[in-house]
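# Coordinate analysis (summary)
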Amino acid sequence: MRSLSGQVAIVTGAGQGVGQGIALALASEGAEIAVLGRTLAKLETTCELIRERGARAEPFACDVLKTEEIPAVVDRVVETFGGVDILINNAYSGNYGTLLSLSDRAFQKGFVSGPFAAFAFMKACHPHMKARGGGNVVNLVTSAMVRWDPTTYGAYAAAKQALKSLTRTAAVEWGPDGIRVNAVAPHALSPGLKQWTENFPEEAEEFRKTIPLGYIGECEPDIGRAVAALVGPDMRYLTGATLPLDGGQAYFG
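Not measured: the values here are computed from a predicted model. (Residues numbered from 1 in each chain as written. Predicted model: local features only at pLDDT ≥ 70, side-chain atom pairs only at ≥ 80, totals over all residues. Heavy atoms only, no water.)

### A short note on the overall build of the protein
Check the secondary structure of the protein and you find eight helices and seven strands. Relative to the globule expectation of 18 Å for 253 residues, the C-alpha radius of gyration of the protein, 17 Å, shows essentially globular dimensions. Viewed in the frame of its principal axes, the protein has a C-alpha envelope of about 50 × 35 × 35 Å. Sequence-distant contacts in the protein: of pairs separated by 6 or more residues, those separated by 24 or more amount to 73%. When the accessible surface of the protein is totalled, it reaches about 12100 Å², and 53% of it is carbon and sulfur. For the protein, the distance from the average site of its 23 positive side-chain charges to the average site of its 26 negative ones is 3 Å. (Helix = DSSP H or I, 4+ residues; strand = E, 2+ residues; numbered from the N terminus. Rg over C-alpha atoms; globule rule 2.2 N^0.38 Å. Contact = heavy atoms within 4.5 Å. Areas by Shrake-Rupley, 256 points an atom, 1.4 Å probe, with all protein chains shown as cover. Lys, Arg positive; Asp, Glu negative; His and termini not counted. Charge placed at Lys NZ, Arg CZ, Asp CG, Glu CD.)

### Overview of the packing of helix 6 (residues 191-199) against helix 7 (residues 201-209)
Close contact between helix 6 and helix 7 brings their axes to 5 Å; oriented N to C, the two are set at 115°. Contacts from Trp-196, Thr-197, Glu-198 and Asn-199 in helix 6 reach Pro-201, Glu-203, Ala-204 and Phe-207 in helix 7. Per-class residue counts for the contact of helix 6 with helix 7 are four nonpolar, two polar and two charged. (Axes fitted to C-alpha atoms, helices over the stretch in contact; angles between N-to-C directions. Nonpolar A, V, L, I, M, F, W, Y, C, P; charged D, E, K, R; others polar.)

Listed below in structure tokens is the structure:
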């Protein structure tokens, strides 16, 4: 039996990139997947890829910037699948640039789509996970939180640092309910990063050299499979941790 058979997973931002890679990896371990994102056509593509692996998948349109709508989305997932066991908070919609170049609204956008949206999903999923005897939450953060020069990544790093703190708090408060809460900080060849490497090959090569393992991670094999292991039974005693999935580039002391 596959390690996640019979479990239901919500994956936000699952239409492409890291979210899609995680969704595919969870499905390969037998989980049923609620595929969430803004663009229905992309969600349908991910669903088809999952179904080709013999797993159930259904698309749910969701904009994480509309946090007031998140509880209703979770209710629809539970109505469709009968419950929820795994929550992957991957979606993020923020702005990048030097601090003085960002408006207040641009800065706040990353917090709304990051920790605010994750908080809404976590609260909405908590009673359903508790009713099933426990569950797993994985929040995606970033190594930009600890890089020596976060220039142009300040707003992004700040929002993700807040999400890291939220992760640790939920792990402590929800442990008695059987709910594990962890974070991962990935480097992955998402569509955006892949485009950057193709457009700026020399800069990309210098970036690659800073990764001890020598390559940028792939969305499913390197990130998705790690997340599938993290929410599986073999990692049942790990909670409140931030796992760097970046080939050793950053140092999380």
